[in-house]
Amino acid sequence: AQSVSQHNHHVILSEAASLELGCNYSYGGTVNLFWYVQYPGQHLQLLLKYFSGDPLVKGIKGFEAEFIKSKFSFNLRKPSVQWSDTAEYFCAVTTGAGNNRKLIWGLGTSLAVNP
Amino acid sequence: EPEVTQTPSHQVTQMGQEVILRCVPISNHLYFYWYRQILGQKVEFLVSFYNNEISEKSEIFDDQFSVERPDGSNFTLKIRSTKLEDSAMYFCASSEEGIQYFGAGTRLSVL
């Protein structure tokens, strides 16, 4: 069955530290890849997405992610985190062609950034 | 910026009761979804909806669940007879060009 794994469930960093959150998926065909963020008390927001083209994608708030097809991975990175990055981060994929595809989710990573 | 809105934010109900969770998708979106997240577990897909009919549903979405777009703006999820295990956060989403936009969720507590 298709699945998404996020390696880190809880991450605690100090401000200005670098961040990398791992995400792997299991599906051999066409995928669209997403990172969503949920700030405390807010709704899920799209951080960035990969559909095709350049495997290094840039999102909002200085986040980026790299799609490595051979490793089935889509890791999220940020060179220097801020206290305001404290949130829950979710990796998700859709599989196959077409726009009306369900999202398959990872468990999420809770990031706490200490000032 | 247009948003998906969900009401109520928190719903408490007794086991066996019917609940209706409401969502107003972004107005020009055509695809709609319901997901849920049980505490400590992954977000799970329930159902997708397009052109006034279900396009896909998961194993979770059994006969106790139904969806409706009653008036061209609202998109509702009905659970006919709630069970304790239906306690979860329920998220509505609508999509455009393959990107899903989410509401803030409804926390359903079944007692």
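From a predicted model like this one, the values you see are computed outputs, not experimental measurements. (Residues numbered from 1 in each chain as written. Chains lettered and ligands numbered in written order. Predicted model: local features only at pLDDT ≥ 70, side-chain atom pairs only at ≥ 80, totals over all residues. Heavy atoms only, no water.)

Draft legend 1. Up close: the nonpolar core. Counting residues in hydrophobic clusters, the biggest one holds 29 residues, and the most contacted among them are Trp35(A), Leu48(A), Phe74(A), Leu76(A) and Tyr89(A). Counting 22 residues, the second largest nonpolar core, distinct from the first, contains Trp34(B), Leu46(B), Phe61(B) and Val67(B). (Core = buried A, V, L, I, M, F, W, Y, C linked by side-chain atoms within 4.5 Å. Buried < 20%, exposed > 50% of the residue type's maximum accessible area, 1.4 Å probe, protein only.)

Draft legend 2. Just the packing of aromatic side chains, in detail. The tally for this structure, following the rule as stated, stands at 19 aromatic pairs over all chains. Put simply, the rings of Phe34(A), Tyr36(A), Phe51(A), Phe90(A), Trp105(A), Tyr33(B), Tyr35(B), Phe45(B) and Phe102(B) pair up and form one aromatic cluster. For Lys49(A), the ring lying beneath its charged end belongs to Phe51(A), and the centroid distance is 5.9 Å. (Phe/Tyr/Trp six-rings, centres within 6.5 Å; stacked < 30°, edge-to-face > 60°. Lys NZ or Arg CZ within 6 Å of the ring centre and 35° of its normal.)

Draft legend 3. Examining the layout of surface pockets more closely. For the largest pocket, the calculated volume is near 310 Å³. Every residue lining the largest pocket is counted, 14 residues in all, and those nearest its centre are Lys102(A), Ile104(A), Glu44(B), Phe45(B) and Ser58(B). Among the elements of the structure, β11 (104–105) of chain A together with β5 (43–50) of chain B are those that each provide at least two residues to the lining of the largest pocket. Ranked by residues supplied to the lining of the largest pocket, first place goes to β5(B) with three residues. Considering only residue class, the lining of the largest pocket consists of seven nonpolar, two polar and five charged. By volume, the second largest pocket amounts to about 250 Å³. Looking at the second largest pocket, it is lined by 14 residues, and the ones nearest its centre are His43(A), Gln45(A), Leu46(A), Glu1(B) and Tyr101(B). Of all the secondary structure elements, the ones that give two or more residues to the lining of the second largest pocket are β6 (45–50) of chain A together with β10 (99–102) of chain B. Looking at the lining of the second largest pocket, its residues break down into nine nonpolar, three polar and two charged. (1 Å grid on protein atoms, 1.4 Å probe; cavity = no way out; pocket = protein on both sides within 12 Å on 5 of 7 lines; lining within 4 Å. Points joined across faces, edges and corners; volume = space filled by probe spheres on them. Helix = DSSP H or I, 4+ residues; strand = E, 2+ residues; numbered from the N terminus. Nonpolar A, V, L, I, M, F, W, Y, C, P; charged D, E, K, R; others polar.)

Purely spatial values, then, with no claim about function.
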